Amino acid sequence: MTPERPNPAPRFSSFPLLLGVLLIACSSPPPAPAASAPTVTSVSPDLGLVSGGTAVTVTGSNFEPGMSVRFGAALSGSVTVISSTTLTAISPASSTGPVDITVTGAAGSSSTTINDTFHFLTFGHDALPGADKDLGGVTNGPDGNLWFTERSGSSGDMIGRITPAGRVTEFALPLPSGPFGITSGPDGNLWFTEAAAHKIGRISPAGDLSEFDLPTADADPYLITSGQDGNVWFTEHASNKIGRITPAGRVTGFSLAAKGRPSSIVSGPDGNLWFTEYGTSKIGRITKTGSITEFPTPAANSGPSFIVNGPDGNLWFTEAAGNKIGRITPAGSIAEFSIPTARSNPQGITSGIDGQLWFTELGSNKLGRVTLAGDVTEFDLPATDTLSGFIISGPDGNLRFTEDGGKIGVLKR
C-alpha cells in the first residue's frame, strides 16, 4: 500500500512584493538638485556717490528672495529681487574707490569678477583767489596743467593755470577782453577767444601774450578748438561765421547760410570741423577749405550747445533747450537721448576716462553721464556748489568743471 504524500506547504511568490517596492520607489519624487550660488554678470549704473542712494540694477543668475547685496564691505539696505536673473539694490554710503558687488543667498555668494565692479565717486573743488570770478572755458594744456578763462572779476580779466596739486597762477589781460573759450593749439600755446574785444588771444605756457584782431566788427568770438590742419578754428556767435586763424595770426571767416548763432566747435574724427548752431537747431560741418554742410536735429528748437568727440567715433552734443543729449555720426545721422530731469539745461560735455560721456546740467545743478547706449545717470552737486557750464576730463583722469564763485570742481573716482 502506497503511503499518502503529505500536502506540500503553501508557497508564496516574492514577485508581487518586489513589484510593489519598485512601484513605490518609482513613484517617489527624485531628490531636489543642490542650489547653486548666485552669479553677477553686470551692474548698471556702475558708479554712484559716496553718500549712497544710487539704484543699481544687477543681472546674473540664481537670484531668489531674501538675498543680500554688499558693495565692498558695506551692506545695501534695500534689495528687490525682480526675477532669478535680475535684482535692484540701493548703494550704501561708502568710501571712494572701486568695489565688488557681491550677492549672497542660502547657497553661497557670487564670485568676484570684472563685471561686478562699482565705483564710488566724491565731489571736491579748488577755490581760486578772489570771490567774484566768472569762469569760462577750461582745457588741458601742453604742460600737464589745466588752463581756464576768467571774466569780469574785481582784479580784471585773466587767463588762469592750475596744477594737478591745485596751485593757481593768473595772467592779466588788457581790458576789456572778455575771455571765454580756450584750447591747446597745434603750436604748443594756448589760444582763447576775447568776446568783448572781438579778438583771438594766444598765451604761451610761460605766460607770454599776443592778440589778433578779427576782420568782422562785433564778431563775438565764442568757443575755439585746434584743427587737424595746423590751424585754430572758432565760432563767431554774433556775426554768424566760422573763423580760422593760422599760428601766425592770419584770420579767415566763413559765413553760414542762416542766422545759426554758432556756439561750440570741435575737430571731428573725419578731419573736418563740427559745430553747433543754437539759433537754427542744426549741427554743422565745415571742411578745411570752408565747405559747409548742415544737419537739422530731429527735435525743433532743440538749442544744440556744446559738442565733443566720443570714444565711439561719433560726435556727441548737448541740447540746452531740448533737454536731450544728441549723437551724430560722421555721415550725419542723428540720435537723441532724453535727460530724466525736466528743464535741466545741459551745457558742457566731455568724454570721460570710463569711456562714456559726461555733461553739466545748469538748470538742475547736476552732473550727468550718458553711456554709448544712451542710458543717462545724474548726480546732484553738493548744495554749496553751483555749476557754471564747462567740463573736461583732466590730466589725472578725474572730471573737472567750472563753478560760480571762482571754483574748479572735481569729481573723483
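For the structure itself, consult the block above.
Here we summarise the structure given alongside this text. Source: prediction; values computed, not measured.

Looking at the packing of aromatic side chains
Scanning the entire structure with this criterion turns up 13 aromatic pairs. For the ring pair phenylalanine 180 and tyrosine 222, a centre distance of 4.7 Å and an interplane angle of 45° mean the geometry is tilted. On the criterion of sequence distance, the pair formed by phenylalanine 180 in strand E15 (residues 179–184) and tyrosine 222 in strand E19 (residues 221–226) is long-range, its members being 42 residues apart.

Section: the nonpolar core
Phe148, Trp316, Ile325, Ile349, Phe359 and Val370 are the most contacted members of the largest nonpolar core, which totals 22 residues. At the level of secondary structure, the elements contributing two or more residues to this core comprise strand E11 (134–140), strand E12 (146–153), strand E27 (304–309), strand E32 (357–361) and strand E35 (387–393). Counting residues in each nonpolar core, the second largest holds 15 residues, with Phe71, Ile101, Val103 and Phe118 among its members.

Thoughts on the sheet that holds strand E25 (residues 282–286)
Spatially, the four strands line up as an open sheet ordered E23-E24-E25-E26, and their pairing is antiparallel. Of all the strands in the sheet, just strand E23 (262–267) and strand E26 (292–296) have a single pairing partner and so form its edges. Taken pair by pair, the neighbouring strands of this sheet meet at an average axis angle of 20°, ignoring direction. Sheet topology places E23 next to strand E24 (residues 273–277); four bridges connect them, and they run antiparallel. Opposite isoleucine 265, over in E24, you have phenylalanine 275 as the bridge partner.

Structural notes on the pattern of salt bridges
As enumerated under the stated definition, the model contains 10 salt bridges in all. Residues arginine 413 and aspartate 354 are paired through a salt bridge, measuring 4.0 Å at the closest nitrogen-oxygen approach. One end of the pair, arginine 413, is in the segment after strand E37 (407–412); the other, aspartate 354, is in the loop between strand E31 (346–351) and E32, with 59 residues separating them in the sequence. Residue arginine 413 is classed as partly exposed on the basis of its relative accessible area of 32%. Residue aspartate 380 pairs with lysine 366 through a salt bridge whose shortest N-O separation is 3.8 Å. Of this pair, aspartate 380 sits in strand E34 (residues 376–380) while lysine 366 sits in strand E33 (residues 366–370), placing them 14 residues apart in sequence. A relative accessible area of 47% means that aspartate 380 is categorised as partly exposed. Residue class for lysine 366 comes out buried when judged on its relative accessible area of 16%. Salt bridges sharing partners connect three or more residues here, namely Asp46, Asp354, Arg369 and Arg413.

Calculation criteria
- Residues numbered from 1 in each chain as written.
- Predicted model: local features only at pLDDT ≥ 70, side-chain atom pairs only at ≥ 80, totals over all residues.
- Heavy atoms only, no water.
- Phe/Tyr/Trp six-rings, centres within 6.5 Å; stacked < 30°, edge-to-face > 60°.
- Helix = DSSP H or I, 4+ residues; strand = E, 2+ residues; numbered from the N terminus.
- Core = buried A, V, L, I, M, F, W, Y, C linked by side-chain atoms within 4.5 Å.
- Buried < 20%, exposed > 50% of the residue type's maximum accessible area, 1.4 Å probe, protein only.
- Pairing = 2+ DSSP bridges.
- Axes fitted to C-alpha atoms, helices over the stretch in contact; angles between N-to-C directions.
- Salt bridge = Lys/Arg side-chain N within 4 Å of Asp/Glu carboxyl O.

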